[in-house]
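Single-letter residue listing:
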Amino acid sequence: ALALLAVGLVLGHFVFGMPMVGNLAVIFIGAGLFLIAALGLGLWISSIAETQQQALFITFALTMVYTLMSGLFTPVHGMPEWAQKVAQLNPMLHFITLMRAVLLKGAGFRDVARQLFALTAAGAVILTLAVRQYQKRAA
């Protein structure tokens, strides 16, 4: 996934002229933390689903909610207050915020520390839940 991110960044820069103002190390650290949260979510889904079809439906439903509440298509500040609070639990929101800040504004580690912390916390919580659910199911 990180190799695909690198390919996407190179294509985005050279083909589409996407600016890359900030430090790429910050992007890859953020992407790694986001991947931990995403993999934890996948493990959790696979531990609660009885069949592959159930896992696909759960994944589709959660991915749609994650994407729609991430601020990618509509700004989070335009959502109702309760939705803004729920959106803060979404790792995709923090990763997109980090990407925009680093690529477009040249933000550094200190500038995106909140997003990095949120991604770390989300990954830790989701992965812990997935492991606990798997242990319950395996027992």
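Keep in mind it's a predicted model, so treat the numbers as computed, not measured. (Residues numbered from 1 in each chain as written. Predicted model: local features only at pLDDT ≥ 70, side-chain atom pairs only at ≥ 80, totals over all residues. Heavy atoms only, no water.)

Within the protein chain, the secondary structure is distributed over six helices and zero strands. Ordered by position from N to C terminus, the α and β elements of the protein chain give α-α-α-α-α-α. In terms of principal-axis extent, the alpha carbons of the protein chain reach across some 50 × 35 × 25 Å. Buried residues in the protein chain amount to 35% of all 139 residues. Put simply, 65% of the contacts in the protein chain that link residues at least 6 apart link residues at least 24 apart. Accessible surface for the protein chain amounts to roughly 8,800 Å². Of this, 71% is attributable to carbon and sulfur atoms. (Helix = DSSP H or I, 4+ residues; strand = E, 2+ residues; numbered from the N terminus. Buried < 20%, exposed > 50% of the residue type's maximum accessible area, 1.4 Å probe, protein only. Contact = heavy atoms within 4.5 Å. Areas by Shrake-Rupley, 256 points an atom, 1.4 Å probe, with all protein chains shown as cover.)

Across its 26 residues, helix H6 (residues 113–138) extends 37 Å between first and last C-alpha, which sits within 8% of the 38 Å expected from 1.5 Å per residue. Along H6, the residues that are buried comprise Gln-115, Leu-116, Ala-118, Leu-119, Ala-122, Gly-123, Ile-126 and Ala-130. Buried residues along H6 sit against helix H2 (24–48), helix H3 (52–68) and helix H5 (91–105). (Expected span 1.5 Å × (residues − 1).)

This part covers the environment of Ala-55. Its place among the elements puts Ala-55 in helix H3. The sequence separation of Ala-55 and Val-26 amounts to 29 residues, and the corresponding C-alpha distance is 32 Å. Excluding residues within four positions of it along the chain, Ala-55 makes contact with Ile-45 and Ala-49.

Attention shifts here to the pattern of salt bridges. Applying the stated criterion to the full structure yields two salt bridges. Put simply, Arg-137 and Glu-50 hold a salt bridge, and the shortest N to O gap is 3.4 Å. One end of the pair, Arg-137, is in helix H6; the other, Glu-50, is in the loop between H2 and H3, and 87 residues separate them in sequence. Of the charged contacts in the structure, one is a salt bridge between Lys-85 and Glu-81, with a shortest N-O distance of 3.5 Å. (Salt bridge = Lys/Arg side-chain N within 4 Å of Asp/Glu carboxyl O.)

Inspection of the secondary structure assignment puts His-94 in helix H5. Discounting residues that sit within four places of it in the chain, His-94 has contacts with Gln-88, Gln-115, Ala-118 and Leu-119.

Without other data, these values stay purely geometric and don't point to any function.
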